[in-house]
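Here are the chains, one letter per residue:
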Amino acid sequence: MGLLSDPNRRKALTNLLTRLNTPICIVCYLAAIMWFMGLAFEPFTLRTYMSENAMGSTMVEERFPSGERALSTAKEFDAHKRKAGGMPVEWLVKTMQARGLEVFTQSFSRTLPFPDENKERYMVRGTNVYGILRAPRAPRTEALVISAPCSPGNSNNQAVGLLLTLAQYFRSQVYWAKDIIFLVNEHDLIGMQAWLEGYHHTNITGMEYSPLQGRAGSIQAALSLELSSDVITSLDLVLEGLNGQLPNLDLANLFYAFCQKLGVLCTIQGKLQRNDWDTAEGYTHAAQTMMLMVLKQASGRAWGDHGLFLRYHIEAASIQGINSFRHYKTDVTTIGRLLEGMIRKLNNLLERLHQSYFFYLLPSLSRFVSIGYYMPAFGLLAVILLLRALDLWVHLGSPALAEVDGDSEVEQSSSPGVLSVLTPVVISHLTGVALYLLPVQLQEMAVEHFPVSETEAVVLTAVAIYTAGLALPHNAQWLLSGEGTEQGWRVLKLTSLLYLAVLLGCTALVNFSLGFILAVTLVPIAACITPHMPRALSALAVVLLSPGFVILYCVFIYQELIEAPVSISEGWMLFLSVISQGILDHVLYGSLVYPLLALFIYPCWLMFWNILFWK
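Here the structure is a predicted model, which is why all the values come from computation and not from measurement.

**Remarks on the sheet that holds strand β7 (residues 218-227)**
Here is step 1: Taken in spatial order, the nine strands make up an open sheet running β6-β2-β3-β5-β4-β7-β10-β8-β9, and their pairing is mixed. Here the strands that pair on one side only, and so sit at the sheet edges, are β6 (208-209) and β9 (266-268).
Here is step 2: Alignment of strand β8 (residues 234-238) against strand β10 (residues 315-322), held across five bridges, turns out to be antiparallel. Looking at the pairing, Leu-235 lines up with Gly-321 of β10.
Here is step 3: Lying on the sheet, helix α7 (residues 157-171) is in contact with β3 (121-133), β4 (142-150), β5 (179-186) and β7; it crosses β5 at an angle near 160 degrees.

**Brief notes about a negative patch on the surface**
Here is step 1: A cluster of acidic side chains, namely Glu-117, Glu-120, Glu-444, Glu-448, Glu-454 and Glu-456, defines a negative patch on the protein surface.
Here is step 2: Only α15 (443-449) and α16 (454-468) provide two or more residues apiece to the negative patch.

**Comments concerning the packing of aromatic side chains**
Here is step 1: If you walk through the whole model with that rule in mind, you get 25 aromatic pairs.
Here is step 2: Their ring planes at 45 degrees and their centres at 5.9 Å tell us that Phe-77 and Trp-91 sit as a pair that is tilted. With Phe-77 in helix α5 (residues 67-84) and Trp-91 in helix α6 (residues 89-98), the pair connects residues that are 14 residues apart, well separated along the chain. Judged on exposure class, the residue Phe-77 and its partner Trp-91 are both buried.
Here is step 3: Here the aromatic rings of Tyr-466 and Trp-605 are separated by 6.4 Å at their centres, their planes lie at 15 degrees, and the arrangement is stacked. One end of the pair, Tyr-466, is in helix α16; the other, Trp-605, is in helix α23 (residues 593-612), and 139 residues separate them in sequence.
Here is step 4: Geometry around Tyr-199 places Arg-215 over its ring, the cationic atom sitting 4.5 Å from the centre.

**A look at the environment of Arg-171**
Here is step 1: Within the secondary structure, Arg-171 is located in helix α7.
Here is step 2: Judged by its relative accessible area of 42%, Arg-171 is partly exposed.
Here is step 3: Spatially, the C-alpha atoms of Arg-171 and Pro-136 are 10.0 Å apart, while their sequence positions differ by 35 residues.

**Observations regarding the packing of helix α3 (residues 21-38) against helix α12 (residues 371-397)**
Here is step 1: The contact between α3 and α12 brings their axes to 8 Å, and the two run at 165 degrees. As judged from the angle between their axes, α3 and α12 are roughly antiparallel. Like other packed secondary-structure pairs, α3 and α12 cross with a definite hand, here left-handed. Contacts from Asn-21, Thr-22, Ile-24, Cys-25, Cys-28, Tyr-29, Ala-31, Ala-32, Trp-35 and Phe-36 of α3 reach α12 at Tyr-373, Pro-376, Ala-377, Leu-380, Leu-381, Val-383, Ile-384, Leu-387, Arg-388 and Asp-391.
Here is step 2: In terms of residue class, the contact of α3 with α12 is built from 16 nonpolar, two polar and two charged.

**Side note on a nonpolar patch on the surface**
Here is step 1: Together, Leu-537, Leu-540, Leu-544, Tyr-553 and Ile-557 line one region of the surface with nonpolar side chains, adding up to about 460 Å² of accessible area.
Here is step 2: For the nonpolar patch, the secondary structure elements donating two or more residues are α20 (535-544) and α21 (547-561).
Here is step 3: Considering each element in turn, the nonpolar patch owes the most residues, three residues, to α20.
Here is step 4: Note that Tyr-553 resides in helix α21.
Here is step 5: Overall, Tyr-553 belongs to the partly exposed group, its relative accessible area being 34%.

**Notes on helix α10 (residues 280-299)**
Here is step 1: Over its 20 residues, α10 runs 28 Å from end to end, which matches the ideal 28 Å to within 8%, given 1.5 Å per residue.
Here is step 2: Looking one or two residues beyond α10, the residue adopting positive phi is Gly-300, at roughly 75 degrees.

**What to know about α3**
Here is step 1: With 18 residues, α3 should reach 26 Å at 1.5 Å per residue; the first-to-last C-alpha distance of 26 Å fits that figure.
Here is step 2: Burial in α3 covers these residues: Asn-21, Cys-25, Cys-28, Ala-32, Phe-36 and Gly-38. Seen along its axis, α3 keeps its buried residues to an arc of 155 degrees; they face one direction. Exposed and oriented more than 90 degrees from the buried face of α3 are Val-27 and Met-34.

**A look at the UniProt feature "transmembrane region" (unreviewed entry) in the protein chain**
Here is step 1: Per the UniProt record, "transmembrane region" (unreviewed entry) is found at residues 20-41, 371-390, 417-438, 458-476, 496-529, 536-559 and 596-614.
Here is step 2: Within the segment residues 20-41, helix and strand shares are 82% and 0% respectively, and the terminal C-alpha atoms sit 32 Å apart.
Here is step 3: Counting secondary structure, residues 371-390 comes out at 100% helix and 0% strand; the distance between its end C-alpha atoms is 28 Å.

**Structural notes on unusual backbone geometry**
Here is step 1: Within the chain, Gln-269 stands out as a residue other than glycine whose phi angle is a positive 60 degrees.
Here is step 2: Looking at the secondary structure, you find Gln-269 in the loop between β9 and α10.
Here is step 3: In this structure, Glu-563 is a non-glycine residue whose phi angle is positive, near 60 degrees.
Here is step 4: With respect to the secondary-structure elements, Glu-563 resides in the loop between α21 and α22 (568-589).
Here is step 5: For Glu-563, a relative accessible area of 66% translates into the label exposed.

**Concerning the pairing of β10**
Here is step 1: Taken across its eight residues, β10 has eight buried, putting it largely inside the fold.
Here is step 2: Here β10 shows no split at all, with Glu-315, Ala-317, Ile-319 and Gly-321 on one side and Ala-316, Ser-318, Gln-320 and Ile-322 on the other all buried.
Here is step 3: Bridge count between β7 and β10: seven bridges; the pairing is parallel. The partner of Ser-224 across the bridge, within β10, is Ser-318.

The rules we used
Residues numbered from 1 in each chain as written. Predicted model: local features only at pLDDT ≥ 70, side-chain atom pairs only at ≥ 80, totals over all residues. Heavy atoms only, no water. Pairing = 2+ DSSP bridges. Helix = DSSP H or I, 4+ residues; strand = E, 2+ residues; numbered from the N terminus. Contact = heavy atoms within 4.5 Å. Axes fitted to C-alpha atoms, helices over the stretch in contact; angles between N-to-C directions. Patch = residues over 30% accessible without salt bridge, like charges linked within 9 Å, V, L, I, M, F, W, Y side chains within 5 Å. Areas by Shrake-Rupley, 256 points an atom, 1.4 Å probe, with all protein chains shown as cover. Salt bridge = Lys/Arg side-chain N within 4 Å of Asp/Glu carboxyl O. Lys, Arg positive; Asp, Glu negative; His and termini not counted. Charge placed at Lys NZ, Arg CZ, Asp CG, Glu CD. Phe/Tyr/Trp six-rings, centres within 6.5 Å; stacked < 30°, edge-to-face > 60°. Buried < 20%, exposed > 50% of the residue type's maximum accessible area, 1.4 Å probe, protein only. Lys NZ or Arg CZ within 6 Å of the ring centre and 35° of its normal. Parallel < 35°, antiparallel > 145°, perpendicular 65-115°, else oblique. Left-handed = near helix turned anticlockwise from the far one by under 90°. Nonpolar A, V, L, I, M, F, W, Y, C, P; charged D, E, K, R; others polar. Expected span 1.5 Å × (residues − 1). Arc of directions from axis to C-beta. UniProt positions renumbered as here; feature names shortened; annotations may be inferred.

Given below as structure tokens:
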């Protein structure tokens, strides 16, 4: 405390930080990147372990024997689905009732703001079918959910057949302490969103649905099953949910424990675990796996039906059966036993999963990086913003120190007008509001005047507004307020630095991956930008590090990490698709990434763009 209370010592510390400001910032940035990349090195990570005593004390004995029956049920389901031209609601109701469940249906409809060209839908109507197995040994105040989406074509028929066979097997057991809900939802996430809103008596996305006639207890956990092929070689665990939410780590630990027990090949991000962590190949593999999780989490999308459960504080994960490894094969009986074991362990819970981590990164299923390990990487980037703000504050407080000629008195008396600083801030945020609102609202006008579809109109309007915003702030400042002062751009930069620090800090607390990616690209701009830099070269660098280009880079990096590289033209089309999906995810499910980028991050970037062209 004496260092800060003594004026002489405080002045000496301030002078030291001001004099070494640039070297410290460079060291912090390099240290942040090195720290983050070092997180994939196995000695720097922790081994996963079961924190919940109710799930980790003993392993249950799995006895599910009906794999062949599940396959025959899947074929029967496929035949009725082809006959009905969609989800066979009546057959599902009769089949679940024959298995002793309380069966209910829910109809729903949703009109999309513009057509979803990836799945070729606009007016969505469907029906969810769910059956409830009542707990024979408890007051029926808690429940578990097993779901399987009814996908078009032949995909996921095995999952539905396995779900129905598990329901029949579970019905014959007497040890259930929680209700078990077997749910077959139509139209993937839209159907799941309708069911969850109906179950919890909410309507936050404008969905039209019929009220649920049957309910179970409070849902404690959920598993979503997706089998993409008739031949399953491995099971992939999907954890990333809406807005970057993750389930409790014990749910992933439970999946991994049963995979190890049953000898099932398990993956995360579609990648097998390697044991040669001390080699360059082993580290690269772990880094790629971790980076895939970072990119998926940063997107804010729900990467499976489980992602929508997390909003309601329900721990959920998706288990996807994939066919990627020729030398392995997992039969349906084994998958059924794995699900049986997980449900039985979740059935033993006396309270919600809470003892393990909710914030983590996974370079593999057996190792994890906790929030205490990865947050320092972001903290080092945030320190740069605070150091640059401190440097500006010192220069603003003592302008005489910055001038040594006769013009110093003029500089001291020339204080920045409020309007000259406030104008670019307001214009930048109005541009962000236009980027958020106008693409969807102007789609009809764009379709009338240009030969494009509704989806293309929305995306191209967003790109046009984003590009037009580059010309607005600095021109508006010049037109409305005349020429700015030297202190004017410093005040604006000080405001922008603190604003960006708060934005990135709040984002990283909720979604670390998104906050870190934005910090890596925006912090260099914020730290270096001044009106005295070479305009052309600096403008190019600032544009290449803008939020839009960051999304484009992430598209190419993601395709490289999943070993499906694309050309520049294909990458551009994927980039446009990502924008349209981001807008749809916001409207349909409440994803916050698009409004965050449009209303806050992009205007903040425009403020730094305005500083570069300060007159």
